[in-house]
Amino acid sequence: MAFMTLLKNCFSNIYDYYAFADQDDIWHPNKLSKAVEKLMLLDKPVLYCSNQTIYKDGKELGLRFDNTPDLSLIGHISKNALSGCTMVFNSTLAKIIVDKPLPPKKLLQYRMHDAIVFLIALLNGEVIYDENSYINYRIHATNTVGLKKTNIFFRTRRFLKHDAKNIRKNSARYLLDYFPVEKKDKEILEEIANYQRSFKERYKLLCDTRFYHESGENKILFWIKILLNYI
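On a predicted model such as this, the values are computed, not experimentally measured, just so you know. (Residues numbered from 1 in each chain as written. Predicted model: local features only at pLDDT ≥ 70, side-chain atom pairs only at ≥ 80, totals over all residues. Heavy atoms only, no water.)

A separate point is the overall build of the protein chain. In terms of regular secondary structure, the protein chain is built from twelve helices and six strands. Looking at the 231 residues of the protein chain, the share that counts as buried comes to 44%. In the protein chain, 74% of the contacts between residues at least 6 apart in sequence involve partners at least 24 apart. For the protein chain, the exposed area adds up to about 12500 Å²; of that, 53% sits on carbon and sulfur atoms. (Helix = DSSP H or I, 4+ residues; strand = E, 2+ residues; numbered from the N terminus. Buried < 20%, exposed > 50% of the residue type's maximum accessible area, 1.4 Å probe, protein only. Contact = heavy atoms within 4.5 Å. Areas by Shrake-Rupley, 256 points an atom, 1.4 Å probe, with all protein chains shown as cover.)

Next comes the structure, spelled out in structure tokens:
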């Protein structure tokens, strides 16, 4: 919630670009300049994000991604692979974000600011992914969020506690309520946002193979989540 609130409070027409900065990562000297080089090429709402170098116990362990991660709407409504600490975006995109109400606090607890910003950029502009890394992503015992919490034990505990129930549905509803969406994207978001309304809508989502093929989610687990109103 803090990052989105900060963006809303600090937005001004005098700034050309905005970036999220986590306090524990290590930025390379050219991190911002490389991002701005890419952003300047497009005259539209644009979000730049990049690869990361995993950094633990004072050692660089290599790049986080060997290949370009999934940048699709279906993939990202289900999960978030790109980190806010690599994101830089232009004022055009920032204005689109701050002109709308903040996402509900409960949603931002589990669908972080970077995921929301990515989805808004994807629907209202363009996303640039840089396969190079200009940041050392520090892994340590006190990470608030990040790679350390993506193991199966954390996911299972979160599922059983229903901490993250309806993240996808609520994300889709927020985007539909406040942002202009093209027809093809609207159909995807409505399928998720409305699946609990009737058996017909639920069955439609159950049969849409794109949601587990493109996100890499287990098909059976995806079906179970739909039947339990968890999506």
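All right, on to the packing of helix H8 (residues 167-178) against helix H9 (residues 183-193) then. In the contact formed by H8 and H9, the axes pass within 8 Å of each other and the chain directions differ by 135 degrees. Viewed along their axes, H8 and H9 adopt a mutual orientation that is oblique. By crossing handedness, the relation of H8 to H9 is classed as left-handed. Residues Arg-168, Lys-169, Ala-172, Arg-173, Leu-175 and Leu-176 of H8 lie in contact with H9, whose contacting residues are Lys-186, Leu-189, Glu-190, Ile-192 and Ala-193. Within the contact of H8 with H9, the residues separate by chemical class into six nonpolar, no polar and five charged. (Axes fitted to C-alpha atoms, helices over the stretch in contact; angles between N-to-C directions. Parallel < 35°, antiparallel > 145°, perpendicular 65-115°, else oblique. Left-handed = near helix turned anticlockwise from the far one by under 90°. Nonpolar A, V, L, I, M, F, W, Y, C, P; charged D, E, K, R; others polar.)

Moving on, we get to the packing of aromatic side chains. This model, assessed by the stated rule, comprises eleven aromatic pairs. Considering the side-chain rings of Tyr-15 and Tyr-18, the 6.1 Å spacing of their centres and the 90 degrees angle between planes classify their relative orientation as edge-to-face. Lying across the ring of Trp-27, Lys-31 places its NZ or CZ 4.0 Å from the centre. (Phe/Tyr/Trp six-rings, centres within 6.5 Å; stacked < 30°, edge-to-face > 60°. Lys NZ or Arg CZ within 6 Å of the ring centre and 35° of its normal.)

With that settled, consider helix H2 (residues 31-39). Three or more residues of H2 are buried, namely Lys-31, Ala-35 and Leu-39. Each buried residue of H2 sits inside an arc of 60 degrees when the element is viewed along its axis, so together they form one side. Structurally, H2 contributes buried residues whose contacts are with strand S1 (17-19), strand S2 (26-27), strand S3 (46-56), strand S5 (88-90) and strand S6 (126-139). (Arc of directions from axis to C-beta.)

Right, let's get into the side chain of Ser-171. Relative to the assigned elements, Ser-171 resides in helix H8. By relative accessible area, Ser-171 is classed as buried at 0%. Ignoring sequence-local partners within four residues, the contact set of Ser-171 consists of Ile-77, Leu-107 and Arg-111.

The next point concerns H8. The end-to-end C-alpha distance of H8 is 17 Å, a good match for the 16 Å that twelve residues give at a rise of 1.5 Å each. Within the sequence span of H8, burial applies to Ile-167, Arg-168, Lys-169, Ser-171, Ala-172, Tyr-174, Leu-175 and Leu-176. Buried residues along H8 sit in contact with helix H3 (73-78), helix H5 (105-110), helix H6 (113-124), H9 and helix H12 (219-227). (Expected span 1.5 Å × (residues − 1).)

Further remarks concern the packing of helix H4 (residues 91-98) against H6. Closest axis-to-axis distance for the H4/H6 pair is 11 Å, and the angle between their directions is 110 degrees. As far as their axial angle goes, H6 and H4 are roughly perpendicular. H6 is crossed by H4, and the crossing has right-handed handedness. Where H4 approaches H6, its residues Leu-93, Ile-96 and Ile-97 are matched on the opposing element by Val-117, Ile-120, Ala-121 and Asn-124.

Below, the discussion takes up a nonpolar patch on the surface. Residues Ile-220, Leu-221, Ile-224 and Leu-228 make up a contiguous nonpolar surface patch of roughly 330 Å² in combined accessible area. Judged by relative accessible area, Leu-228 falls into the partly exposed class, the value being 44%. (Patch = residues over 30% accessible without salt bridge, like charges linked within 9 Å, V, L, I, M, F, W, Y side chains within 5 Å. Salt bridge = Lys/Arg side-chain N within 4 Å of Asp/Glu carboxyl O.)

Now for the nonpolar core. In this structure, Leu-47, Phe-89, Ile-97, Leu-175, Leu-189 and Phe-211 are the most contacted members of the largest nonpolar core, which totals 47 residues. Non-local contacts of Leu-189, meaning those with residues more than four positions away in its chain, are made with Leu-73, Ile-77, Leu-123, Ala-172, Leu-175, Leu-176 and Val-181. One finds Leu-39, Tyr-48, Ile-128 and Tyr-134 within the second-largest nonpolar core, a separate group that totals seven residues. (Core = buried A, V, L, I, M, F, W, Y, C linked by side-chain atoms within 4.5 Å.)

Attention shifts here to the pattern of salt bridges. Taken as a whole, this structure holds nine salt bridges when the rule is applied. Note that Lys-44 is salt-bridged to Glu-126, the shortest N-O span being 3.1 Å. Placement of Lys-44 in the loop between H2 and S3 and of Glu-126 in strand S6 is noted, with a sequence separation of 82 residues between them. Using a relative accessible area of 29% as the deciding quantity, one classes Glu-126 as partly exposed. The partner of Asp-185 in a salt bridge is Lys-184, and the shortest N-O contact between them spans 3.3 Å.

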